[in-house]
Amino acid sequence: MRYTAALFKSKVARPIPQEPVPFQEILPLKLKPAVSGKGDRTSEVCCLQEMSVMLACFKKNEFSQQLCSKEIDSFQKCYTGHLATKKVKKDKEAKGVLTPGEKQLSSKQVNTLLKKFPNFK
Amino acid sequence: MATIKTLFNKCQILKSKTPLLSTFIQQNGMSQYPTYYINPIYKKDALEALIKSGEDQNLKHIPTRAALNNQTCSTAHDDLVNLFVNYVMKDGLKPLARDLVAQSFESVKRLQLEKYHKCQSEEEKAKIELNPKTIFYTAINNCKPILHLTPIKRGGVRYQVPVPLTDKKSEFLSMKWLIAAAKEKDSTVRFHLQLARELIDAANNTGRVIKRKQDLHRQCEANRAYAHYRWS
């Protein structure tokens, strides 16, 4: 019975779509007036160069710190400087302060900019 | 006119310190002081510096917390020693912890004096540091690690990643290690004596705590390939 049922079917199981595919608007065709800010989460590891130089010095001098004071100083200066700049950047971004001519904008800054100049239609 | 101006300034300082809500709701945890109370300045030199710069006029009429009972302007008061006492303390027995640290300073002095008097020549005598507080400071400074290892999970595997330490954290670790080393002893040896020995050893860049720090650095060196797994 099965075979005959299949044979007698007049149409194919899945219809072939008609050539000009009708367009369906699933989401509204415009950009949102804000960005989510997920893209900001990229992490760059700081002071890797200084760290490797310091560790190489340690290995050379049997892990005594007096002989590597220069390398240690540069590493720690790099790290504290990185922390300070990160803090300044974070504070700035939290406020959403815009400086004219800035190339790399944070998500907060982009949002303030978009709010200032909304796209009217 | 000038008085009105200064009054106005003071009002502004107060205003900036008081959030509107805090007058109704205490957002300060268990503290009995509202958030706009400032910490007291109890050290003499800090106070003198404030008076010299003229900033004390701004703080004059801002409500201030009472000083804690361990905050004194005494010349014997030392922040780092106080912190160390707090780390030594167990179950809130602060007088005991303070006594232990004081006793260990005395032992440091005794041990160093013994060495001093055994010396034959003046040059050798000049090399020996007799002040227990400077020995304490150099010991803690020498025991500070620069890097440590944190486990970071990447692709289902836990890697031990070398990470730089902040100054505060490294200070904490060095104190913790010194106390742990002093506790690791025979039951016949007193804690303060062992602590004194460890302090002197660490000040001379030898001993168990220094070795522990170097071991940590060695491990960091071995795991340096994973350094780029760090978060920041």
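This structure is a prediction, so every number in the text was calculated from the model and none was measured. (Residues numbered from 1 in each chain as written. Chains lettered and ligands numbered in written order. Predicted model: local features only at pLDDT ≥ 70, side-chain atom pairs only at ≥ 80, totals over all residues.)

### Overview of the overall build of chain A
Across its full length, chain A holds four helices and zero strands. The 121 residues of chain A split such that 10% are buried. Summarising the internal contacts of chain A: among those between residues at least 6 apart in sequence, 50% fall at separations of at least 24. (Helix = DSSP H or I, 4+ residues; strand = E, 2+ residues; numbered from the N terminus. Buried ≥ 20, exposed ≤ 12 C-beta atoms within 10 Å, placed from the backbone. Contact = placed C-beta atoms within 7 Å.)

### With respect to the environment of W177 of chain B
Residue and element names in this part refer to chain B. Assignment of secondary structure puts W177 in helix α8 (residues 167-183). As a C-alpha pair, W177 and G29 span 148 residues in sequence and 32 Å in three-dimensional space. Ignoring sequence-local partners within four residues, the contact set of W177 consists of C143, V209 and R212.

### Things to note about helix α9 (residues 191-203) of chain B
All names here are of chain B. The terminal C-alpha atoms of α9 lie 18 Å apart, and with 13 residues this matches the ideal 18 Å at 1.5 Å per residue to within 8%. All of the buried residues in α9 are H192, L195, A196, R197, E198, L199, I200, A202 and A203. Along its buried surface, α9 packs onto α5 (94-118), α7 (132-143), α8 and α10 (208-222). A positive backbone phi angle near 60 degrees is found at N205, which sits one or two residues after α9. (Expected span 1.5 Å × (residues − 1).)

### Describing the nonpolar core
Residue and element names in this part refer to chain B. Formed by 24 residues in total, the largest nonpolar core has its most connected members in I135, A139, C143, L178, L199, A202 and V209. Of all the elements, α9 adds the most residues to this core, at six residues. The residues touching L178, leaving out its near neighbours within four places in the chain, are A139, C143, E198, L199, A202 and V209. (Core = buried A, V, L, I, M, F, W, Y, C linked by C-beta atoms within 7 Å.)

### Remarks on the UniProt feature "domain: Small ribosomal subunit protein uS7" (unreviewed entry) in chain B
UniProt marks residues 72-224 of chain B with the feature "domain: Small ribosomal subunit protein uS7" (unreviewed entry), using the numbering shown here. In the segment residues 72-224 of chain B, helix accounts for 64% and strand for 10%; the C-alpha atoms at its two ends are 46 Å apart. (UniProt positions renumbered as here; feature names shortened; annotations may be inferred.)

### Considerations on the interface of chain A and chain B
Taken together, the contact pairs 13 residues of chain A with 13 residues of chain B. Put simply, the parts of the chain that give the side of chain A that touches chain B at least two residues each are α2 (48-60) and α3 (69-95) of chain A. A class-by-class count of the residues in the side of chain A that touches chain B yields ten nonpolar, two polar and one charged. (Nonpolar A, V, L, I, M, F, W, Y, C, P; charged D, E, K, R; others polar.)

### Points about the pairing of strand β2 (residues 157-164) of chain B
Residue and element names in this part refer to chain B. Where strand β1 (residues 147-154) and β2 come together, eight bridges link them in antiparallel fashion. Counted as the bridge partner of T150 is V161 from β2. Where β1 folds back onto β2 in an antiparallel hairpin, the turn is made up of two residues, including G155, whose phi is positive at roughly 60 degrees. (Pairing = 2+ DSSP bridges.)

### Section: α2 of chain A
A rise of 1.5 Å per residue sets the reference length of α2 of chain A, with its 13 residues, at 18 Å; its end C-alpha atoms lie 18 Å apart and thus fit the reference within 8%. Those residues of α2 of chain A that sit buried are M51, M54, L55 and F58 of chain A. The arc that holds every buried residue of α2 of chain A, seen down its axis, measures 100 degrees, which confines them to one face. Summarising the geometry of α2 of chain A, the exposed residues directed more than 90 degrees from the buried face are Q49 and K60 of chain A. Of the surrounding elements, those touching the buried residues of α2 of chain A are α3 of chain A together with α10 of chain B. In the stretch just after α2 of chain A, E62 of chain A is the one whose phi turns positive, near 60 degrees. (Arc of directions from axis to C-beta.)

### Considerations on the packing of α8 of chain B against α10 of chain B
Residues and elements named next belong to chain B. Remark: α8 packs on α10, axes separated minimally by 9 Å, with the N-to-C direction vectors making an angle of 130 degrees. Relative to α10, the element α8 is oriented oblique. Viewed along their axes, α8 and α10 form a crossing whose handedness is right-handed. Every residue of α10 that contacts α8 at W177, L178 and A181 is listed here: R208, V209 and R212. Of the residues in the contact of α8 with α10, the class split is four nonpolar, no polar and two charged. (Axes fitted to C-alpha atoms, helices over the stretch in contact; angles between N-to-C directions. Parallel < 35°, antiparallel > 145°, perpendicular 65-115°, else oblique. Left-handed = near helix turned anticlockwise from the far one by under 90°.)

### Things to note about the UniProt feature "domain: CHCH" (unreviewed entry) in chain A
UniProt feature "domain: CHCH" (unreviewed entry): in the numbering of this structure it lies at residues 47-79 of chain A. Secondary structure content for residues 47-79 of chain A is 73% helix and 0% strand, while the C-alpha to C-alpha distance between its ends is 7 Å.

### Overview of the packing of α7 of chain B against α9 of chain B
All names here are of chain B. Two numbers describe how α7 lies on α9: the axes approach to 7 Å, and their chain directions differ by 65 degrees. In terms of orientation, α7 lies roughly perpendicular with respect to α9. Seen along the crossing, α7 lies across α9 with a hand that is left-handed. Note on element contacts: α9 touches α7 through L199, I200, A202 and A203, opposite I135, F136, T138, A139, N142 and C143. Taken together, the residues that form the contact of α7 with α9 break down as eight nonpolar, two polar and no charged.

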